[in-house]
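# Analysis of the macromolecular model
If you want the building blocks of each chain, they are given just below.
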Amino acid sequence: MFGSNIVRVTGVNMALYQDRGAERADLARQRVRRYTRRVWVDGGLHHRLDGTVSLATPLRERPYAVDRGWLSDQGRRGAGPEETGRSPRGIAEWAGEFGGRLLILGEPGAGKSTQLLHLAEALLDSEAPEDTARCPVVLLLSTWQPRTGPFDQWLVAELREHYQVAAVLTERWLRDGTLTLLLDGLDEVPEEGRPQCLEALNAFLRDPAHADVRVAMTCRSTEYDRLPARLALDGAVSLAPVEVAEAQRAFRAAGEALDPLLRLTERNAEVAAVFRTPLMVVLAVLAYRDGTTSLPLPDGDAAQVRQEILRLYVVSMLYRHRVLARAEPGSPAVGERGFSPSETYRYLAYLARLMTRRGSRLRTLLYVDELTPEWLPRKGEESYLPQGRPTGWFGRFTARVGLDHASTGSTGGVLATCFFTVFVAPLSVYAWGPLPGLLSAVPLSLAVGLLVFTLFGVTRMKPFGREVSFFLDDEGSVPRAATRWTWVVSRAARWVVPAATGAAACGAVVGVSTTALAGLVVALTILVGGLLGLGLVPDYRREPDYPGEALSVSGRVLRTLLLAALALGGAESAAYALAGWPWQACLAAVPMSTCLFMITGPGRAWLRTRALAFGGSRSGLLPSRLGPFLEHATERALLRRAGGGYAYAHDALQEFFERADPRTVPEEPSR
């Protein structure tokens, strides 16, 4: 009887555990679907340039572009010919026909990524049970590295970083087919690592454990033809080029301002061939349609014409507010945020270089909330710095340790000196009197600032080929801004010993100068207030809904902490007064207790943001007002919002700015 009760209770507990696990998995699935819709569909698809003009770009089957095992070896190294006998259909229909495993090919600017996002939207909008139970996730293959290992390990890391999905849950979803992988940009993997990426992909696709996972992938046709093998998918389609007549129809529909370009395409076949991709048609329409400036017509071979169209579009958008102001005399310049066209051009060029140099999601999407000094050029990356910047002592320090570490050390040292002066002054005045207390607070604060400068600007960095670690967190694991912060007992317990040591040292100094009881009160006040901030842990499970949200939330949490510390200090003082203890010592120690807020948690995240702003503006790489600048560039249609981040309006624009010379700014077009 007793044994049967144990079995019955154990069975009930296991059932409850499984139910809760299934509930958490369902909540995670809904969260992933919301994120994909918010960032990639609403923020990406609906704001893409190539969706501005309606063009017919049919999808044609490429039966020999993939390795289905039973096909012949025809076209093994290439995509093979198009299958023209079958009627064109939408991307969702093609994906359904091939069991959800599809390769999308096309030339640069043909709209491959747009088709992939259309597929994501179709899957999210579908009410079919097999679609509502799945999680479509968009991932950028440009972040794959040969050292990553098996492809499923890369997927686990990507979903943990971008979608906040636990590794155990990702592995389960890969086994049961819950995930629909939408992989963008096989051609964006570095060329030397592309064959290894292809091999890792095929090993994943052929693994029976992943047979139920649906996969759609994009790649440029030319780069795919150069690969040593084909992808083990079930089907492939290719985006047909835009017909010249279709491009000319779009030019006519845009108005008289496009007539000179229309006539040029009618008499010059080489120029007309450039507009066989949706991107080039859209850029030309947006560049010329205002009609208030005399932009030159493109000239040269196909490559030169394509580059010239990109340049003309950038010029048109840079001076767009002046164009609109001239079109409506007496009206204010539209969208003025205090950034000149030359500044906009220069910062966008440096920004493109910084984004492209790192193999992370910041390569394509720029999240303001995630930017820290580690994103700035390191030692050995001086080529990313503007010529002649930075100068003076900061320039010499940057050359020694790198801009990222110079910014951290310099900003941390200055702010630590200023803050510590405010924090320690009341305690010094209480212990030694007004004048001696103030005179002693200044050199003490300078010493603390020098210590912070040394720790974070020199010793903890790697200017000498080695790293020295202290009890502080490693810089790579320091919390960044988050949309939610949680107080965790275990986190606070980790800091008890160092916080108690520092509090005891302060209490001992005060105790020697006054009384032992006053020293005890000071130590307790500093310890309690410090642990209030040291126990905070960021929660990254919810991505920011708009750029800068995590920074705003972190700032509010920091202000709330300061108010809570003051309220707690007041309550402690009242308790000490009732007990007959020196309550004045408690009040004097309250500012000092908030000093620990800056070591970890939202305070540390805010300090790192200040360090990035200082280093970026001092070097000339980034504007001091980065948020308003990104909005300014978005208004110019040079950037676009993507959920809580920003991206260039098209990959081609990012490539254009990456190659652009920041010192050579295009001139304003004449009327």
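Keep in mind the model is a prediction, meaning the values are calculated, not measured.

Before going further, it helps to examine the overall build of the protein chain. Tallying secondary structure elements over the protein chain gives 26 helices and ten strands in all. Taken across its 671 residues, the protein chain has 52% of its residues classed as buried. In the protein chain, the proportion of contacts linking residues at least 24 apart, taken out of those at least 6 apart, comes to 76%. With an accessible surface of roughly 29,200 Å², the protein chain has 58% of that area assigned to carbon and sulfur atoms.

The next thing to look at is the packing of aromatic side chains. Considering all chains together, one arrives at 13 aromatic pairs under this definition. With a centroid separation of 5.1 Å and 35° between ring planes, the pair formed by phenylalanine 151 and tryptophan 154 is classed as tilted. Placement of the pair is phenylalanine 151 and tryptophan 154 together in helix α5 (residues 151-162), with a separation of three residues, close to one helical turn. A residue is classified by how much of its surface remains accessible, and tryptophan 154, at 2% relative accessible area, is buried. The ring of tyrosine 347 is capped by arginine 346, whose NZ or CZ atom sits 5.2 Å from the centre of that ring.

Within the largest apolar cluster, 71 residues are counted, with the highest numbers of intra-cluster contacts made by Phe151, Tyr163, Leu183, Leu186 and Met217. Broken down by element, the residue count for this core peaks at seven residues, all from helix α1 (residues 2-42). Non-local contacts of methionine 217, meaning those with residues more than four positions away in its chain, are made with Leu102, Leu103, Ile104, Leu116, Leu141, Leu183, Leu186, Leu201, Leu231 and Leu233. If you look at the next biggest cluster of nonpolar residues, it comprises 70 residues, including Ala287, Leu376, Leu638 and Leu653.

Per the stated rule, a full pass over the model turns up twelve salt bridges. Residue arginine 29 pairs with aspartate 26 through a salt bridge whose shortest N-O separation is 2.7 Å. Residue arginine 29 and its partner aspartate 26 are located together in helix α1, separated by three residues, close to a single helical turn. Classification of arginine 29 as buried rests on a relative accessible area of 17%. Its salt-bridge partner being arginine 311, residue glutamate 308 comes within 2.9 Å of it at the nearest N-O pair.

At glutamine 164, a residue that is not glycine, the phi angle is positive and equals roughly 55°. Here glutamine 164 lies in the loop between α5 and α6 (167-176). A relative accessible area of 13% means that glutamine 164 is categorised as buried. A positive phi angle, close to 60°, is found at alanine 637, a residue other than glycine. Alanine 637 sits in the partly exposed class, given a relative accessible area of 23%.

So, on to the side chain of aspartate 184. If you trace the backbone, aspartate 184 turns up in strand β4 (residues 179-184). On the accessibility criterion, aspartate 184 (12% relative accessible area) is buried. Within the structure, aspartate 184 has its side chain in polar contact with the side chain of serine 113 (distance 2.9 Å). Here threonine 218 takes part through its side chain, which lies 2.6 Å from a polar atom of the side chain of aspartate 184. Look past the residues within four positions of aspartate 184 in its chain and what remains in contact with it is Ser113, Leu116, Leu139, Leu140, Leu141 and Thr218.

Here is what the cut-offs are and how they apply
Residues numbered from 1 in each chain as written. Predicted model: local features only at pLDDT ≥ 70, side-chain atom pairs only at ≥ 80, totals over all residues. Heavy atoms only, no water. Helix = DSSP H or I, 4+ residues; strand = E, 2+ residues; numbered from the N terminus. Buried < 20%, exposed > 50% of the residue type's maximum accessible area, 1.4 Å probe, protein only. Contact = heavy atoms within 4.5 Å. Areas by Shrake-Rupley, 256 points an atom, 1.4 Å probe, with all protein chains shown as cover. Phe/Tyr/Trp six-rings, centres within 6.5 Å; stacked < 30°, edge-to-face > 60°. Lys NZ or Arg CZ within 6 Å of the ring centre and 35° of its normal. Core = buried A, V, L, I, M, F, W, Y, C linked by side-chain atoms within 4.5 Å. Salt bridge = Lys/Arg side-chain N within 4 Å of Asp/Glu carboxyl O. Polar contact = N/O pair within 3.5 Å; in protein donor to acceptor, adjacent residues only side chain to side chain.

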